Amino acid sequence: MSMTRVCLVTDELYPFTPGGIGRVAHNLIMDSLRHGANVEFHLLFPPTVSVQKAHVELFFGGQVKAHVCDFREACQTTADAHGLYPPTGAFRDSRWHGESLEMMRYLKAREAEGLRFDVIEFADFRGWAFAALQEKHLGLAFGQTTISVRLHSSYGTIMHHEPNTLEVENLGRFEIERKSLLDADLVVGHLPCIAEFNRRFYGFDDAWMRKVRVEFPPVVMESPAEPPLPLDVPANQRNLVFVTKIQHFKQPDVFVRGAVLLMRTWPEYQGKAILACHAFDPDFLAEVKGLIPSDLTDRFVFIKPGPDREAYMRAGVVVITSSYESLNLTAYEASVAGARLVLNSACLAFGADSPFVDGVHCHKYDGGLDSLVGAMRKALEGPALTPVRWTVDRPYWERLVRPAPPTRASRSPLVSVVIINHDQGIFLPIALQGLAASTYPEVEVVIVDDGSTSAFDMLVLQRLERSSAEGPGFRVVRSPVHRGFAGARNLGLRAANGEYVVFLESDDSLSPEFIQHAVSALEERPEFAGVVPTGGCFHSSEELANRQFKGFMTYLGDCPTYALAANQISAPTFFLRRAVLEQNPYNEALSGYANWDFFLRLVQEGHRFLVTNQVHFYSRRGQELFPVRPDQRQHFRWLVRLLEGLPVPPHPSTRLFALLAHSREAMVDPHGALSPHSTSPSSASGTLESAQALTGAVRPLRYDVVDIMNAALKRLPLVHPLLKQAVVGRPEPSNAEMGGAAPVEMPPLRYVLVDHANMLVKRVPVLHRALKQSVSWLT
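For clarity, every value in this text was computed on a predicted model and none was experimentally measured.

Reading guide: rules and limits
Residues numbered from 1 in each chain as written. Predicted model: local features only at pLDDT ≥ 70, side-chain atom pairs only at ≥ 80, totals over all residues. Heavy atoms only, no water. Pairing = 2+ DSSP bridges. Helix = DSSP H or I, 4+ residues; strand = E, 2+ residues; numbered from the N terminus. Axes fitted to C-alpha atoms, helices over the stretch in contact; angles between N-to-C directions. Contact = heavy atoms within 4.5 Å. Buried < 20%, exposed > 50% of the residue type's maximum accessible area, 1.4 Å probe, protein only. Right-handed = clockwise from strand over helix to strand, strands pointing away. Core = buried A, V, L, I, M, F, W, Y, C linked by side-chain atoms within 4.5 Å.

## A word on the sheet that holds strand E2 (residues 39-45)
So, point 1. Pairing within the open sheet is parallel, and its seven strands lie in the order E3-E2-E1-E4-E5-E6-E7. Of all strands in the sheet, those with a lone pairing partner are strand E3 (64-68) and strand E7 (212-214), marking the two edges. Pairwise comparison of adjacent strand axes, ignoring direction, gives a mean angle of 25 degrees for this sheet.
So, point 2. Two strands pair when backbone bridges link them, and strand E1 (residues 4-9) and E2 are joined in this way by six bridges, in the parallel orientation. Across the sheet, Val 6 pairs through a bridge with Phe 41, a residue of E2.

Pasting the structure below:
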């Protein structure tokens, strides 16, 4: 029997990095190796983890293969053997979307080389499974691989316990995590209550639970160390121990307050409060330390976790105050080590459905401070507790049934490509040329002329009408009046005969493979309503021919939360089932935001969309990074009408959120949400973080710093141009050199350079944080 090949994608691994995700991964591997499972393990790390592959492989005795996925540079647009993908800097919804794409590219390349995995497991946190799942459901890779997501603690589930602001990255990360859980082949939970909580939290239906596996992971204990104090120390001298993390949802502040209150109300108590854990946020660490009264500072000890961690646990009272946990291995380790344990019963992982019984394995408190102090004192003065018991489940990959090779549907339904033209006839031949190269045979083309008035367009349309008379599959529909964005599309739908419909502007084009990919995917997966292509922006026909894009349009597909702030669902070009369009036509009463309104209604009704990772949609209009926008009063008028037009009125708090998300910097929107016709890209290299401005987030600090430096250099008129020329390699071309064309809209060179430097520095997180803090005073 061949070995099952499993790849765990992670940025945490015990003992090389802190974090519970890494501890679970370590325990799963060690347990499988210990009982001789027929499994070949691989570990895939992002480049941001300072782990040496050789060290990892040596630690596991050469029985694990380590990989590092090197991310491309932020502006790199080079195609590879598998296609052209947007660079990491193109994703403005969240950087995790771009990282997800890089992980998918690496895994897909290994599959093409013959390294096919039976299982690829991702953690829920960050949503890294997103791009790989899109690629699988589009039928482009991983057809015989089970892609699973393990429930640790997603950002979405803990964001309510952490300090957050209305930032695009928060919404983007929430959505790719949600979609990863929804699209995964398999979801692994450690406790039934956690799986059910995630189902309700993300609004999944009961059918989602059918792909959830509840498996309790192994708890691997290290060899016990000598305790720093004898185990029979008096109750009033035992230490209180906090060994999770200095992180908001872990609530170390509650632990400190509880310890202070215990010391104040029980003067005879002489023990210390030991916080033996990692702290990743220096500001929050300072906030926690600030809660300690000056006369008690010598009673609180902050140390990093080390080899004596278990000894502290065995000799003291371990207090876990977390407001949310999916499992918390520390609680099990402490119980097995013989620690007296205090747990927050308000945390799901320690509730009635968990193995922990109050008064038997631990002392529970109800989440309140006074209750915590009472539980602490019970643990200090009471008898020793019984170690908790649990049953370790064999991991799903040991009994995995390998999926059969994917099959393709035999039928070829008709696809209608509806091209909307309004005084842009000069570009129609390029759009038609792109369709002529399509690899899908059953295509009809419907050109809707939306009241064009130019003489050139009249000539082009007459010639096209003569061509359409020569055979079926091509025709021209003329509207004597300019119907606008929504009306022209509804007219085109009525004229189309296809089972699937694609809308194109006359100056847009599609890749030859897109229609074939979309038809195959939707024929195999009826749960999806359409396919959204990733777009590339070009300025000239030469750039289009060479696939040299100046910006990119990236989307999330169905994203009900994000869609309230911006149209991150799709551009006006998409591939959709005709039945969905007929049931949800464009709203012709709207003079603006018609595309945003259309997609928002669809996702609120529950329609789902696949998103291509590769660039399959080419837009000349994409260069309009900052199109004409309505004034603020008009913007909010359209926004209110959009929210009022939803099939189910949003909750008042949701409506307030959507309005607040637009109240600051609301007029800057690279997602097409604030353009009257929603034709601007969702993201492009020249947006300069304007997506963050949409929801009130400040632009990157590095831009402010480099602007200050640039302003200082400009005071030296001889130095500034020389430096710029040295970096670029030659002076900027004039309009005459460019044939009179308008200059390409790109971000300032200083931003490109500082973005590149920032990507390098981020590989050393400690250095990145130190630099960010040291330069913040400049702004």
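Let's pick the thread back up.
## Regarding the sheet that holds strand E15 (residues 363-365)
So, point 1. What the six strands build is an open sheet, ordered E12-E10-E8-E13-E14-E15; its pairing is parallel. The open sheet terminates on both sides in strands that have one partner only, identified here as strand E12 (300-303) and E15. For this sheet the average axis-to-axis angle between neighbouring strands, irrespective of direction, equals 20 degrees.
So, point 2. Pairing of strand E10 (residues 273-276) with E12, which is carried by four bridges, proceeds in the parallel orientation. The residue of E12 that forms the bridge with Leu 275 is Phe 302.
So, point 3. Taken strand by strand, helix H12 (residues 369-381) contacts strand E8 (240-242), strand E13 (317-320), strand E14 (340-344) and E15, and its axis lies near 170 degrees from that of E15.

## Points about the pairing of E13
So, point 1. Of the two faces of E13, the one holding Val 317 and Val 319 and the one holding Val 318 and Ile 320 are both buried throughout.
So, point 2. In terms of strand pairing, E13 meets E14 through four bridges, oriented parallel. Paired with Ile 320 across the strands is Leu 343, a residue of E14.
So, point 3. Read as a crossover between parallel neighbours, the route from E13 over helix H11 (residues 329-336) to E14 is right-handed.

## Focus: the pairing of E10
So, point 1. Along E10, one buried face is formed by Ala 273 and Leu 275 and the opposite face, lined by Ile 274 and Ala 276, is buried too.
So, point 2. Sheet topology places E8 next to E10; three bridges connect them, and they run parallel. Among the inter-strand pairings, Phe 242 is bridged to a residue of E10, identified as Leu 275.

## Details of helix H4 (residues 130-137)
So, point 1. Most of H4 is tucked away: eight of the eight residues are buried.
So, point 2. Regarding H4, the residues found buried are Phe 130, Ala 131, Ala 132, Leu 133, Gln 134, Glu 135, Lys 136 and His 137.
So, point 3. Gly 139 sits one or two residues past H4 and shows a positive phi near 80 degrees.

## Here's the deal with the nonpolar core
One recurring pattern in soluble globular proteins: nonpolar side chains tend to sit buried together.
So, point 1. Ranked by internal contacts, the top residues of the largest apolar core, which has 90 residues, are Val 9, Leu 107, Phe 122, Leu 576 and Phe 609.
So, point 2. With seven residues, the top contributor of residues to this core is helix H19 (residues 594-604).
So, point 3. The contact partners of Leu 107, leaving out residues within four places of it in the chain, are Cys 7, Val 9, Leu 44, Phe 117, Ile 120, Phe 122 and Phe 142.
So, point 4. Residues Ala 37, Phe 45, Tyr 312 and Ile 320 belong to the second largest nonpolar core, which totals 54 residues.

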